[in-house]
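# Commentary on secondary and tertiary structure
The chain contents come next:
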Amino acid sequence: MTPPPTAPDPNNPEPGPLLSVRAALILLAATVLGGIVGALTLVGGGNVATSLLTGLTAAGAGTAGLNRLIGH
């Protein structure tokens with residue numbers, strides 16, 4: 001037999017989520033954007049280092065742009 005559930009302690013509230021849905025969406029979209037840009041750079045003839053740098057730059061710029069674009 002399982003014990004009955006206990007009432008939540010008002011002095012120790014449950015912590016909220018680590019990221020909001022908006023933040024998770026922005027980071028996911030920026031990661032996808034950076035991956036696409038990096039892959040296109042590699043396919044277009046760039047070497048791996050250039051592709052990684054381009055993809056990371058696109059992801060960073062995408063994060064800033066999407067933060068402004070997606071409303072609060």
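Predicted model, so just to flag it, every value in this text is computed and none were measured. (Residues numbered from 1 in each chain as written. Predicted model: local features only at pLDDT ≥ 70, side-chain atom pairs only at ≥ 80, totals over all residues. Heavy atoms only, no water.)

## Some points on the overall build of the chain
What counts, and what does not: Think of it this way: any DSSP run of H or I at least four residues long counts as a helix, any run of E at least two long counts as a strand, and we number them from the N terminus. What the globule rule says is 2.2 Å times the number of residues to the power 0.38, and the radius of gyration is computed from C-alpha atoms. Type-normalised accessible area, obtained with a 1.4 Å probe on protein chains alone, sets the label of each residue: buried when under 20%, exposed when over 50%, and partly exposed for intermediate values. What makes two residues a contact is simply this: any of their non-hydrogen atoms within 4.5 Å. Here the open area of atoms and residues is found with the Shrake-Rupley method and a 1.4 Å probe, where only the protein chains shown may cover a residue.
When helices and strands are tallied, the chain shows two helices and zero strands. Relative to the compact-globule value of 11 Å for 72 residues, the chain shows a C-alpha radius of gyration of 21 Å, a clear excess of over 25%. C-alpha extents for the chain along the principal axes are approximately 65 × 35 × 15 Å. Here the chain holds 72 residues, and 14% of them are scored as buried. Long-range contacts, defined here as pairs at least 24 residues apart, represent 63% of the contacts in the chain between residues at least 6 apart. Just so you have it, the chain exposes about 5900 Å², and 71% of that area is on carbon and sulfur atoms.

## Overview of a nonpolar patch on the surface
Counted only if it meets this: Nonpolar side chains (Val, Leu, Ile, Met, Phe, Trp, Tyr) are joined into patches within 5 Å and like charges within 9 Å, using only residues with over 30% relative accessible area and no salt bridge. Salt-bridge detection follows one rule: a side-chain nitrogen of Lys or Arg within 4 Å of a carboxyl oxygen of Asp or Glu.
On the surface, Leu28, Val32, Ile36 and Leu40 cluster together to form a nonpolar patch covering roughly 400 Å² of accessible area. If you trace the backbone, Leu28 turns up in helix H1 (residues 21-43).

## Quick notes on H1
Cut-off, in case you're wondering: Here the expected length of a helix is defined as 1.5 Å per residue gap, with one fewer gap than residues.
Under the 1.5 Å per step criterion, the end-to-end length of H1 is 33 Å for 23 residues, consistent within 8% with the ideal 33 Å. Within H1, the full set of buried residues consists of Ile26, Ala30, Gly34 and Gly38. Against helix H2 (48-69) lie the buried residues of H1.

## Here's the deal with the packing of H1 against H2
When two helices pack together, their arrangement is given by the angle between the helix axes and the distance between those axes. Note the threshold: Under this scheme, a helix contributes an axis fitted over its contacting stretch, all axes are lines through C-alpha atoms, and angles between N-to-C directions fall in the 0 to 180 degree range. Oblique is the label for every angle not falling under 35 degrees (roughly parallel), over 145 degrees (roughly antiparallel), or within 65 to 115 degrees (roughly perpendicular). Here a crossing is called left-handed whenever its near helix is offset anticlockwise from the far helix by less than a right angle, and right-handed whenever the offset is clockwise.
In contact at an axis separation of 7 Å, H1 and H2 are set at 150 degrees when each is read in the N-to-C sense. In terms of their interaxial angle, H1 and H2 are classed as roughly antiparallel. Here the hand of the crossing between H1 and H2 comes out right-handed. Together, Arg22, Ile26, Leu27, Ala29, Ala30, Leu33, Gly34, Val37, Gly38, Thr41 and Leu42 of H1 and Val48, Thr50, Ser51, Thr54, Gly55, Ala58, Ala59, Gly62, Thr63, Leu66 and Asn67 of H2 make up the contact between the two elements.

## Thoughts on H2
Counted only if it meets this: Throughout, the arc means that of the directions going from the helix axis to the C-beta atoms.
Here H2 spans 30 Å end to end across 22 residues, near enough to the 32 Å set by a 1.5 Å rise per residue. Ser51, Gly55, Ala58, Ala59, Gly62 and Leu66 are the residues of H2 that are buried. Down the axis of H2, the sector holding all buried residues measures 110 degrees, keeping them to one side. With respect to the buried face of H2, the exposed residues turned more than 90 degrees away are Ala49, Leu53, Leu56, Ala61 and Arg68.

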